Amino acid sequence: MATSTPIDLHTMPGAAGWAGRESAASSRDRTPLRADLTDEALIARTADGEAAAFEALMRRYQARVYQFVRWQAGISERTAEDITQEVFLQLYRVAGQFRGGARFRTWFFTLARNVCRNHQRTLRRRAPERWYALPEEALEAVADDGPGTQARCERGEARRVVGEALERLPAWQREVLLLREWQDLSYAEIAEVLEVPVGTVRSRLSRGRSRLQEALWTHAADRGLRASGRDPAASPEAEPSSDRRSRRGAPGRRAPEHRSPEPEARA
Amino acid sequence: MSRTGKDPIDCDEAVRRLASWLDQELDEERHREVQRHLDLCRSCFSRAEFERRLRERIRAELRPREVPQAFRARIGDLLEGFAAQGRQPDEL
């Protein structure tokens, strides 16, 4: 399979290698991997036995998969690590089954979800684990109470509130939110991963977002932010701003500056 | 309410489409119609802006963080093990 052409890890994101070590893959790969290679190209090269391509995929996806797994109901942090490792093992094992017509991300999260489900089935047969949501974030919120840390604490607190609201969501609403907000999957892709109609994706997203919104508002009200005119996201009467760009750019990017006529000018 | 000759949709329709618009899930024509409405309607613009910022806030709060260092090392060991043994994916 491979001839030995040194791989230029310095062109890859996070070029230091795992835990600061030289990549073990570098000795057996063929052509340099460019940082802009698509996921689909990387999985094809993984299927050919190119470990560096697999390593690159893992770098891209490890945090997202780990967090996705962590949010599955009834999974502890330690178990999440085990499952994430299993997801990547499975990915390596079935890399050759990826078909070019599909988008890698959709295929991969279907795989990740199936691994999670298998673990959950196993867990259900055992005593449930005690699961603490976002332990480090909760610690962050309370650990540092010295001067000048209020903003950090508030941020940690908001994160905890959202995290707890997410935890309270039914699993089917949580999944769809995570796939949308973290993985940037389209409605159709989410529908494919979850094996539900697109309309179901839309309604689950809507309900899930409403619940998180309510949690933020309640938190804000508890802190008296609403009374003081602040809210958790923005003022509903916010004026158009020149820097309003969506996270993916499109609504904001496409939107020309707001040219709404003055109220009295409107019929 | 704010529908004018230049406005292809009314506020109810704009609000109905808002979530899909923010998610980039409308076809080009419908997307443009919502955009046009938001350009003309201050009320709907404010609502859209609020929804967009709220989503960004939620995303920011829930953004994946770096995986623990110990876990990275664990995965690194795994990779090194593959490479050292010269395994192919289908040999696992």
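Every value quoted in this text rests on a predicted model; they were computed, and no experiment measured them. (Residues numbered from 1 in each chain as written. Chains lettered and ligands numbered in written order. Predicted model: local features only at pLDDT ≥ 70, side-chain atom pairs only at ≥ 80, totals over all residues. Heavy atoms only, no water.)

Chemist: An account of unusual backbone geometry is requested, with residue identities and associated values reported.
Modeler: Of note in this structure, Glu 195 of chain A is not a glycine but carries a positive phi near 60°. Within the secondary structure, Glu 195 of chain A is located in the loop between α8 (187-194) and α9 (198-222). Judged by relative accessible area, which is 64%, Glu 195 of chain A ranks as exposed. Although it is not a glycine, Gln 24 of chain B adopts a positive phi angle of roughly 60°. By secondary structure assignment, the location of Gln 24 of chain B is in the loop between α1 (11-22) and α2 (28-40). (Helix = DSSP H or I, 4+ residues; strand = E, 2+ residues; numbered from the N terminus. Buried < 20%, exposed > 50% of the residue type's maximum accessible area, 1.4 Å probe, protein only.)

Chemist: Kindly report on the pattern of salt bridges, identifying the contributing residues and their values.
Modeler: One pass over the structure, following the stated rule, counts 18 salt bridges over all chains. We note a salt bridge from Arg 45 of chain A to Glu 50 of chain A, for which the minimum N-O separation is 3.0 Å. Its relative accessible area of 2% is what places Glu 50 of chain A among the buried residues. One salt bridge connects Arg 17 of chain B with Glu 13 of chain B, and the closest N-O pair in it is separated by 2.7 Å. With Arg 17 of chain B and Glu 13 of chain B both in helix α1 and 4 residues apart, this pair spans about one turn of that helix. For Arg 17 of chain B, a relative accessible area of 8% translates into the label buried. One salt-bridge network, held together by shared partners, links Arg 180, Glu 181 and Arg 209 of chain A together with Asp 23, Glu 25 and Arg 55 of chain B. (Salt bridge = Lys/Arg side-chain N within 4 Å of Asp/Glu carboxyl O.)

Chemist: Outline the packing of aromatic side chains, listing residues and values.
Modeler: Residue and element names in this part refer to chain A. Inspection of the entire model under this criterion finds 11 aromatic pairs over all chains. Consider the rings of Phe 104 and Trp 107, whose centres lie 6.0 Å apart with planes at 50°: the pair is tilted. Of this pair, Phe 104 and Trp 107 both sit in helix α4 (residues 104-124), separated by 3 residues, roughly a single helical turn. Given the relative accessible area of 0%, Phe 104 is considered buried. Ring centres of Phe 104 and Phe 108 lie 5.2 Å apart, and the angle between their planes is 25°; on these two criteria the pair is classed as stacked. Linking Phe 104 with Phe 108, this pair stays in helix α4, spanning 4 residues, or about one helical turn. Take Phe 104 and Phe 108: they sit in the same class, and that class is buried. (Phe/Tyr/Trp six-rings, centres within 6.5 Å; stacked < 30°, edge-to-face > 60°.)

Chemist: Got a sec to walk through the nonpolar core? Specific residues and values, please.
Modeler: Residues Leu 91, Phe 104, Trp 107 and Phe 108 of chain A are the most contacted members of the largest nonpolar core, which totals 66 residues. Filtering out sequence-adjacent residues up to four positions away, Trp 107 of chain A remains in contact with Ile 43, Leu 91, Val 94, Ala 95, Gln 97 and Phe 98 of chain A. Trp 21, Leu 22, Val 34 and Leu 38 of chain B belong to the second-largest nonpolar core, a separate cluster that totals 12 residues. (Core = buried A, V, L, I, M, F, W, Y, C linked by side-chain atoms within 4.5 Å. Contact = heavy atoms within 4.5 Å.)

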